[in-house]
Structure formats: C-alpha cells, structure tokens
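Chains, contacts and geometry: an overview
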Number of protein chains: 2
Amino acid sequence: MAQQLADLRDMEFALFEQFKIDELANHELFADFNKKTIKMIISEARQLAIKELLPTNKPGDEEGCTFESGVVKVPECFHRIYELYCEGEWLAMADDPEVGGGGMPHTVYLAANELFQAANLSFVLYSGLTHGAAKLVETFGTEEQKKTYLKNMLSGKWAGTMLLTEPEAGSDVGALTTVAKKNDDGTYSISGNKIFISGGEHNMTENIIHPVLARIEGAPEGTKGISLFLVPKYRVNEDGSLGEFNDVVCTGIEEKMGLHGNVTASLTLGAKGNCVGTLLGAENKGMSAMFVMMNEERQLVGQQGFSLATAAYISALNYARERIQSAYILKPKDGGVPIIQHPDVRRQLIIMKSYVDALRSLIYFSGTVFDRIKTSDDDQEKYHLERTLEILTPIIKGYITDKTLEVCSHAVQIYGGYGYTKEYPVEQYMRDSRILMIYEGTNGIQALDLFMRKLRMDEGKPFMDFLGRIQKTIDESKGNPVVQNLVPNLQDTLNQYQEVIATLAKAASSDKVLEAVSQATPLLEITGDLVSAWMLLWRANVAAKALEENPKKKDIEFYNGQIKTAEFFISSVLPVTMGKMNSVIAMNPAIVEISEAGFGGL
Amino acid sequence: MAQQLADLRDMEFALFEQFKIDELANHELFADFNKKTIKMIISEARQLAIKELLPTNKPGDEEGCTFESGVVKVPECFHRIYELYCEGEWLAMADDPEVGGGGMPHTVYLAANELFQAANLSFVLYSGLTHGAAKLVETFGTEEQKKTYLKNMLSGKWAGTMLLTEPEAGSDVGALTTVAKKNDDGTYSISGNKIFISGGEHNMTENIIHPVLARIEGAPEGTKGISLFLVPKYRVNEDGSLGEFNDVVCTGIEEKMGLHGNVTASLTLGAKGNCVGTLLGAENKGMSAMFVMMNEERQLVGQQGFSLATAAYISALNYARERIQSAYILKPKDGGVPIIQHPDVRRQLIIMKSYVDALRSLIYFSGTVFDRIKTSDDDQEKYHLERTLEILTPIIKGYITDKTLEVCSHAVQIYGGYGYTKEYPVEQYMRDSRILMIYEGTNGIQALDLFMRKLRMDEGKPFMDFLGRIQKTIDESKGNPVVQNLVPNLQDTLNQYQEVIATLAKAASSDKVLEAVSQATPLLEITGDLVSAWMLLWRANVAAKALEENPKKKDIEFYNGQIKTAEFFISSVLPVTMGKMNSVIAMNPAIVEISEAGFGGL
C-alpha cells in the first residue's frame, strides 16, 4: 500500500541496516531501546503524524495565525494536536530522564521528528524552539532557573523561543541594540525591539520563555558585549504559579509566503520599563551560549527541510503511480500509462529519491554521532565526534535546505497543473520550505561557516579525518562486485575535492581572499554533493551485501532500488559536481572585480 | 536613481546596440519606427507599467479572483488599469494595421510587454491570451469570423482564451473528450468539461471568445481527430451586438500558489445542450491550428518568466545597495556596509544579472527573427528564420522559466528574512513564477520538443545552421583583445555540445532510445547555457567595441559590467555546463533500469 510522509522501509534500512542503531542498546544509557522498542516508538510517532498532525497541515496553512488587539491566535486545530503531542511526551523524548526527558537515542528522536515535521512543519516548529530554549536553560541555567523553567518547558506546558534578530541586526547579530540594565536584586531590566520571532507570541501555552540576546549597559560593542537573558512572558512566582505580565508585547506578526501556522512575531520588551530578565550564563558570553542552541537549531532546520523533501517525494511518487497520462514512449499507439513510466518523470523521481535517501542517511548519521558522544568514555573519541558534528552542521543546514527547495519544486512539476493548486499538498511544501534557506543563519552564512571555520578548525585535522571517513566507505566498496564500478567516480571526486580545498586555502591566505570567499557557496554545494554520494555508496554497499543473503522478493526490489539510486547519483550527478569543482579552482575574479555601478539599474 | 522593473539602459543596449532594431525602419513596413519613436513608445509603456500597473500587483495578489454564484470577479483595481491598457492600444501594438493593430516591430512589443509583465503579470496575462486567440481568428478564421470577432478582440473589448486541458487530458491533449456535433446550419453543438482555463471567466470584458479543442462526432481518436472551434461566452448577433448566453458555465476556479489575480477557471460547455461554436480552420486539423497559438503562447510564457526575473533582479539589486548589514570582510572592525559589498551577495547578483542580460537578449533576438520574417522577401531566408524561431521556442519557454525560478529565489535570499514576507515583492515573484514551468506544455514537454523535433527537423540542417550562428559570434570575438580570452571556453563548450547531440542522436536510433530520451531535460538545460553564453559574449563584444569609442563615464561602467558578466558566466558557469555534458554523454541507464517498486514507498 502507498505510504505517506516517509518510506518506512527506508527509515528502517538507514536506522538498522546502515547505522545499526539498535547496537546502542549495548550501552547502559540506551539499554531499554532495542530494535523492537525503537520500531514501536516510530510506529507510534507515525500514527500520531498521519492520523492527527497531517490533517491539520492544510487547515493550518489556510487559517494561519491571527493578530487582533495584541492577541495572537494559532490555527484553531493546533490546540488539540498540541495536547496530544505533549501527552505523548514527544517533546523531550531524547532528553535526560533526570530533567524529565525520555532518555531515547537522539537518532530515534530524529526519525520520529521527521514524521511529525513532514506532517505539519508549522506546528512542530513550536516545540522544536521550546526544546532548544530548554536546552539553554539546562546547559547554562542556575539551579534556580532550572527549577523554575525546565520541567514546564520540556513537558510543553510552557513554550520557548529565541530572541536574536532586530530590524538592523539580522545576519550581523553584533549590531543589536536591546539593552539590559542591572537591578539591585540581581535581575535585569530589558528594553528593545525584536523581530522575526518564530513562536514569539501565541495562545497555545500559558507562558512563553524567551532567551533574549541583549547588551548590558556599558558592555563592549559588537558580539563581545552580548549577554543572554531569560525573559518570561509572565513572571513566575516562587511557588511556580504565574505572576504578573512581564511587559513583552507583541506589536505585529508577519504575513509570509508560507509556514502560515507558525507565528512570526515582532516583540517589544520593556516599553513600560517593566520587563525583567535573569542572566543566563556569564556576562558578555551570550553569543557562545546562544550557539549551543543555534547549532541544535541549525541541525533542526536541515531536518525540517529533509522532512518536507521526503513528504514531497512520497506525494509525487504516489501521484506518478496513479496518474494516467500519455502512452508509453515505446508503445505510442497504446493508451495512456501511469506517468511513472515516462523517462522525464522517472528522471525527476530518481533525482528526488537520491537526495531524500542521501539526506536521510546524513541526518541519521549525525544522530549516531550525537549518541556516540553520549556513550563514549574516550576523550579522544569524544573530541573527534564533536568535531564531526560541527563539520556536519553547515552541510545539514545549508545543503539540505537548498536541495529541499529543488525536491519540492520537482514534486510540483510532477503533479503538473495540479501541483500549482492548493488541492494537493506540494505547493505548500514548496512555500513552507523557502524560509529554511534563510532562518537560523542564511545558507550563505552556513557556507562561510564551513569555509572559514570548519575546514580550518584545529589546523584542519578534523576535516581531514572527516574526508578519511569518506575514503573508508570507498575502500570498503572496492571488493564488492556489485558496487565497485561506482568507486572510480567517487574516488576522482574526492581527490579533486582535496584539490579544491587546497586551492581555496592557498587563496584565502593570499591577496585573493575575496575571490576565495566568493566561492564559499559553491564549496558548500560541492561538499554536499560529495557527502550525498558517500551516503549513497554506503547504502548501496549495505544493499549489495544484503542481496547476497537471499532476501524476500520485496526486499530485493528495495535493495536494487538502492543500488540504482547510487548508480544514478554517482554516474550522472558527480560529473556535474566535477564541473563545479573545476569552476571553483578556476576562481574567476569577476564577482570581485565588477564595480557596484556595473551591476546596472542606475 | 534606482530603477524599477527593468534596467532601461540595458534594454536600450540590447535593442539598439546589440540588435540594431532601429535599422528595421529601413523597411517600408516599419518606416515609422525610428530610434526616437521606439524610445518614446518604451518610455510610455514604462510610465503605464510603473505608475499604474505596478501599484496593483500586490493588491491583486491579496484580493485574488472570487467565484460566487457562478460569477467570477477579478481584483477590483484591475478594471481601471484594463481601461488604460486598452485606451493605450497596447494589446495589438505590433499587429497588422489592416486588422486594427499598431504595426510596430514585434521586438518593440516584447520590450514594452516586458515592462507590463514585470509590473503585474496576473493582469497582463488576460490580454496576452486575448492576443493569442485573436491571432487564431486572424490566421484560420473565415471572413465572417474575422468580421464578428477580430476587431473587438484586438481592441480588448472582448477577451480571448484557449480551451485545451481536461481533467484526463493535460500533457496528452489527444485524450480529450469534448464533443462537437454538427448542426444543420453548419454550426456545431459543443459539450464537454475544460479545466485550468486562464482567464476562462471574469467580469473585465463583456464577452469572452474561447477557441476550443473538441472532437467532431465520429472523428478518429487521438490528436488526429481534434478540431478547433470558436465558442463565444455570449453569442454575437448579426449587427455585432451581444446575443444570448452560450451555455459556457464556470463551475469553479482554482486556489493557487500564486498568480492570484489571474483566474484559472473550470468551464462546462453545453450542459444544457445550448453551446454553439463555429469551426475554426479545417476539420480534424485543430491541433496544428492550435499550435500557431501555442508557439506564440510558449514564447510569451518564456517572456513572462523573464519579466519576473528582471523585476526580481532589480528589486534585489536596489535592496542590496540600500541594506546595511555586517562589516566589509577586509575591514572587519569598521561598521556595517551595504550588503552589495559582501562576496556572497555579489555572487548571487552576478548570477542573476548574467541570466537577466542573456535572456533579455535571447528574447529580443527572437523578436528580431520574427520581424525579419515579415520584412524578408527571400524565401530561403524566410525559411531559415522560421526554423530558427521554431528552435528557439522550447529554449525560450523551458530554459527561461527554469532560470526564472532560480533568479526569483536568489532575490528572496538577498532580502533575507524580509524576502519571505509580503512586505516586499520578491516572494510574490517567486510564487507567480512557479506556474510558468508548467503551463503551455511543461518544461519536460519542451525538452522533448527540442530533442525529438527541433534537433532533427529537416534532417538537422536548421539546427546546424543555428549552431553556426553561435560559431559566428565566437569568430567575431577572436580579434577583440578585451574578449578574446573568453573564446576558448565557449568554443570548447560548443564543440562538446556537438558531441552531445551526436551521442544522443545515435542512442535515439538504437535500442537506447529510452536512455536518450531521459536526457532530454539535461539537453535543454545545456542548450540554454550555451545560448546564454553566446548572448553574453555577443554583448561583451559590442561593449568592448563601444569602449573604444570613448564613451561617457556612466557608459564605461555599464560596458565594463557587460564584460565582467560575460567573463563570470563563461569562466564560472560553463565549466559546470561541461560537467552536465559529460553526464549526458555517459548516459547512465539507471533512470531507465530502476524498477517501479525500486522507487520505494510501497
């Protein structure tokens, strides 16, 4: 039977066959989570996603959020599903049981969340932000702060957000002007204007806890003078009950291209001089603290993109199997056939599939790294894993969300005219996806992060280790008769990639720094292509071995599909990647040299 | 001062310096249209576009079209601008004066229409369709039909449409089931259901004339049995006044991702047995007749895309010059600078500019071909020009609209979070643009048209001539010291392109036909890249020569901008095109070989 949202067989393939996450149960931390339990958890998540969240996706888009007399309302149908979501204790499923979490492996959370986000991204974003904010409290909070906020946030009783952006401080966070003035009791009076705050104000929870970036009076300019504060919408009394309104006023919400069910608020703090916050972490260390959340959020954004991509792929695939249109090209006199038989539709489907498969693996891989950091007691290994996660972050955020738009656009195309209408879900996926390339650091910022920081951190050693991991998969594939023909293309790509980063590194430390930096986005794209090919070869390798074990007929189809997908990507996409690498190496300076007036329009 | 919609300097560069369209005035047909007159016409169009059409674009998107009790209303603000547009006699500005047209060169119409469409695409689409329908009447109509309809359509008093699609007949027009039954008086009673009819019903004109594809009772199946009929919404009395309602009932309108101001109607013809049409052209020759309109409409769709692309580029460029954010990378301690100084923003702007410049030239070039067909009295030349136009059609429709989405998406990205909001125009451009890849034949259909028909028509001779035209520009550039360094890359690309089409042609006539057909879309993309590079080299060549003439300072900036843009595209984009060509030549069969089940999701 046709599936919805995501291919369960593929999820299980990646989880258990590629990454063997059930082996995590060998560690006491995850001893409760054997394969059967993990399958059950995912099955429950799938039920909730398909039966409850999915039916609210379109109504949520149509109704959107409203702002009247200072009150923000989420789509009416969100209230019920929020209750179900909180009752199921999904929000903190992978958090430490000590703080009220479910203690599951992060990778399992990623799989469950994939289904939730694919079903209704606008909705799940509220709890995603709450989780990130709670993580900040857990990591930097005093005992008092944790006692006051943490449990209620992780249960979903209170929501959380992230207040960074101001009208003149977007990508340049250091330009912010929100001020914190120390009070005699050690609290701070906060005043300023924040914009583009996802979930910044709504009627789904009784309180909203805002981590806020602000500058303490007299602190240095720029990012060095920024501190992090915890600012609740309603103050919390000693006994945990809600106190007075904390002067956090919503002044408006954005009308957007998509993601209509998730409010984007403008907030004014302390207009009446009555907004009080407490310092979270150390003075002037707000940026680095916020980056704890930011990295989680950036990975989450990549995962949001992937979730829309898988939903779009499955929708288009089901449609292509059902929609009858035009004769098969080799039998032009016969009647119409399902459009999945037409080469151009198949081309689009295999492009989509190759990204969806590769990116699912990339995300689960990051999950296993996350989990292994927790289970490892070897400092060297921990260090290595943490660096790997840092390298993966801009790729997950930037590359995945770029590809998401592509995949969603292909889905619209496969539906033809219907795809442009609101009768089918794909146009919404495309609209919803477009913000993902922007928020939590534009993809241009991700590219700079990869190039300027991740490539060279710790003298480039972790990045070389990362490439070594790719080489390992290539080497493992060499002996396999089914996949070894894919090895030369990927090996060439990896070799040329080393050339690319050497060229860029050399330029960056010369007077060609602008030329080098102007190649950051192509570099991110190339890196993503390389990582995708790596994941697909890895998958094909696993599939080829499984085929030797005499699997069931249905599984034979599945495994062969894996091998064909890898073959497509490595043989048909990597040559284009090679072209992109040649372009980067040529490093034409026109981007830098064209004068401002030369862009025209004056 | 910052411009809007399109760069007037660049329009004039392409019109007068690259294509010398004022030379058309040497022919008696266009004797009235010297440079000064053409400039005046464009200036007037620009006034109307900026002052009247542009302010209605956002309101039109927000209000959309409504359907209540069978009545379709366009956005209220469209009525006034429609009057102005008709008063200005823009609809038929380039048509034969004999039928009420303005007799201007087609290229001038393209330039004016670029401004109108950039200002409000939803609005201009109504008259674009009317024009296409009128062209059908002019070409295939009897004297009676012309007398009844033509003048009122070309003046805009009555609107026109195009009724092809049915629920089960989209790309496969031959599957349509609308029936025409001959009456004793020679008219036909029509009955059937049509969907996705742009401008199919509205309250902007007193009558709407529908060219309808239908099958005469007993006619053969498939496209061979399709005839074309003229079906008015209201019948027309002998004296030209409106008669009774012709049983063309709107049953609903689509809710769409964008293009909200242009209605997409479902129409039921003859539900009460009272819908009468007249045959337009010959029995069973409806498809070829419709293709007269279709080719015009396909070129128009490409131009629609281009118009959104230029509007998006100019918007993003203006924003990038104004928006202050982050320090210049070489002066990190200084304050924020306009974001046009940041390499990643420049990279996006130059990508956008290279497409906008190249595609403007491509469209005007097609216009000059169109005009030269009219002025030529050499049959051999006419034949050659007509074939060129046929070759250009799928490139203009398919490649331009693909690139439009890319350009619009870059514009959203440059605006950052603001780009996703309805406060700025770019998210609408992106939403509006997405249908262009679908309607009037999906871009997959365009790719097949290029590969299966245009490459091989008349034994491939016209296509070889077309490539010869590109070679000519390359050869002309060889002697120019400023641009000759761009020659090798483009020459290599052109040579490899020949290899690509030879490989594909060989495969298509072997048992690899499916593999070959699965490369049709990459081929279209490669062809578009090649044509873009050609246009940009041509431009750079003209600019380099102009620089020798000691131009004004502002023009020096402009011409240098042309050269840098060509340099960027040819040095940084063509290497990627080379990669795409290598991919096509490798022609991996995975697209064909993967089983239907192998796509997963079952």
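Along each chain, numbering runs from 1 in the same order as the chain's sequence is written. Labels follow written order: the first chain is A, the first ligand is 1, and so on. Residues qualify for local features only when their pLDDT is at least 70, as the model is predicted, and side-chain atom pairs are given and counted only at 80 or more; totals for whole chains, interfaces and linings, by contrast, use all residues.

Definition of nonpolar core: a set of buried Ala, Val, Leu, Ile, Met, Phe, Trp, Tyr and Cys residues joined via C-beta atoms within 7 Å. Our exposure labels follow a C-beta count within 10 Å of each residue's own C-beta, placed from the backbone: buried means 20 or more other C-beta atoms, exposed means 12 or fewer, and partly exposed covers the counts in between. Ala 316 and Leu 537 of chain A together with Ala 316 and Leu 537 of chain B are the most contacted members of the largest nonpolar core, which totals 399 residues. For the purpose of contact definition, each residue receives a C-beta atom placed from its backbone, and two residues are in contact when these atoms lie within 7 Å. Not counting residues within four places of it along the chain, the set of residues in contact with Leu 537 of chain B comprises Thr 473, Ile 474, Ser 477, Val 483, Leu 486, Leu 490, Ala 566 and Ile 570 of chain B.

Turning to the pairing of strand E11 (residues 264-269) of chain B, a few remarks are in order. Residue and element names in this part refer to chain B. Counting buried positions along E11 gives five out of six residues, so the element sits mostly inside the fold. A pair of strands is considered paired only if DSSP assigns at least 2 bridges between the two. Secondary structure follows DSSP: runs of H or I at least 4 residues long count as helices, runs of E at least 2 residues long count as strands, and numbering of each begins at the N terminus. Direction of pairing for strand E5 (residues 188-198) relative to E11: antiparallel, over a ladder of five bridges. Each residue of the ladder has a partner; that of Lys 194, found in E11, is Leu 267. The pairing of strand E10 (residues 248-253) with E11 spans five bridges and is classified as antiparallel. Following the sheet pairing, Val 248 is matched in E11 by Leu 269.

Residues and elements named next belong to chain A. Examined against the element boundaries, Glu 89 turns out to sit in the loop between helix H4 (78-87) and helix H5 (106-119). Taking the number of C-beta atoms within 10 Å as the measure of exposure, Glu 89 has 14 and is therefore partly exposed. As a C-alpha pair, Glu 89 and Ser 155 span 66 residues in sequence and 6.7 Å in three-dimensional space.

The subject of this paragraph is the relation of the copies chain B and chain A. Note on the chain copies: they are related by a rotation about an axis and a translation along it. The superposition of copies rests on a least-squares fit of C-alpha positions from residues with pLDDT of 70 or more in both. For the pair chain B and chain A, the relating rotation is 180°, the translation along its axis is 0.0 Å, and the fit reaches an RMSD of 0.0 Å. Given the turn and translation reported, the copies of this chain are related as if by a two-fold rotation axis. When each C-alpha of chain B is compared by its distance to the rotation axis, Gly 579 of chain B comes out closest, at 2.2 Å. Here 100% of the contact residues of chain B are again contact residues in chain A; the copies associate through an equivalent surface.

Turning our attention to the interface of chain B and chain A. Taken together, the contact between chain B and chain A spans 85 residues of the former and 85 residues of the latter. The greatest single-element share of the side of chain B that touches chain A, amounting to 17 residues, is contributed by helix H17 (residues 553-586) of chain B. Each residue belonging to the side of chain B that touches chain A can be placed in one class, and the counts come to 35 nonpolar, 29 polar and 21 charged. Note on residue classes: Ala, Val, Leu, Ile, Met, Phe, Trp, Tyr, Cys and Pro are nonpolar, Asp, Glu, Lys and Arg are charged, and everything else, Gly too, is polar.

The next point concerns the domain arrangement of chain A. Domain start and end points were adopted from an automatic or database domain assignment. Each assigned domain of chain A is listed with its residue range as follows: domain 1 (8-154), domain 2 (159-286) and domain 3 (459-593). The C-alpha centroid of domain 3 of chain A is placed 32 Å from the C-alpha centroid of domain 1 of chain A.

Moving on, we get to the confidence of the model for chain A. For every residue, the predictor assigns a confidence score, pLDDT, that lies between 0 and 100. Averaged over all residues, the pLDDT of chain A is 97; the fraction at 70 or higher stands at 100%. Here the predicted complex carries an ipTM of 0.98, next to a pTM of 0.98.

Let us now look at H4 of chain A. Residues and elements named next belong to chain A. For H4, every residue scored as buried is listed here: Phe 78, Ile 81 and Tyr 85. End-on, the buried residues of H4 take up no more than an arc of 70°, which puts them together on one face. Seen from the open side of H4, the exposed residues pointing more than 90 degrees away from its buried face are His 79, Arg 80, Glu 83 and Glu 87. Contacts from the buried residues of H4 go to helix H2 (35-53), helix H3 (57-63) and helix H6 (121-140). An arc is given here, and it is the one of the directions from the helix axis to the C-beta atoms.

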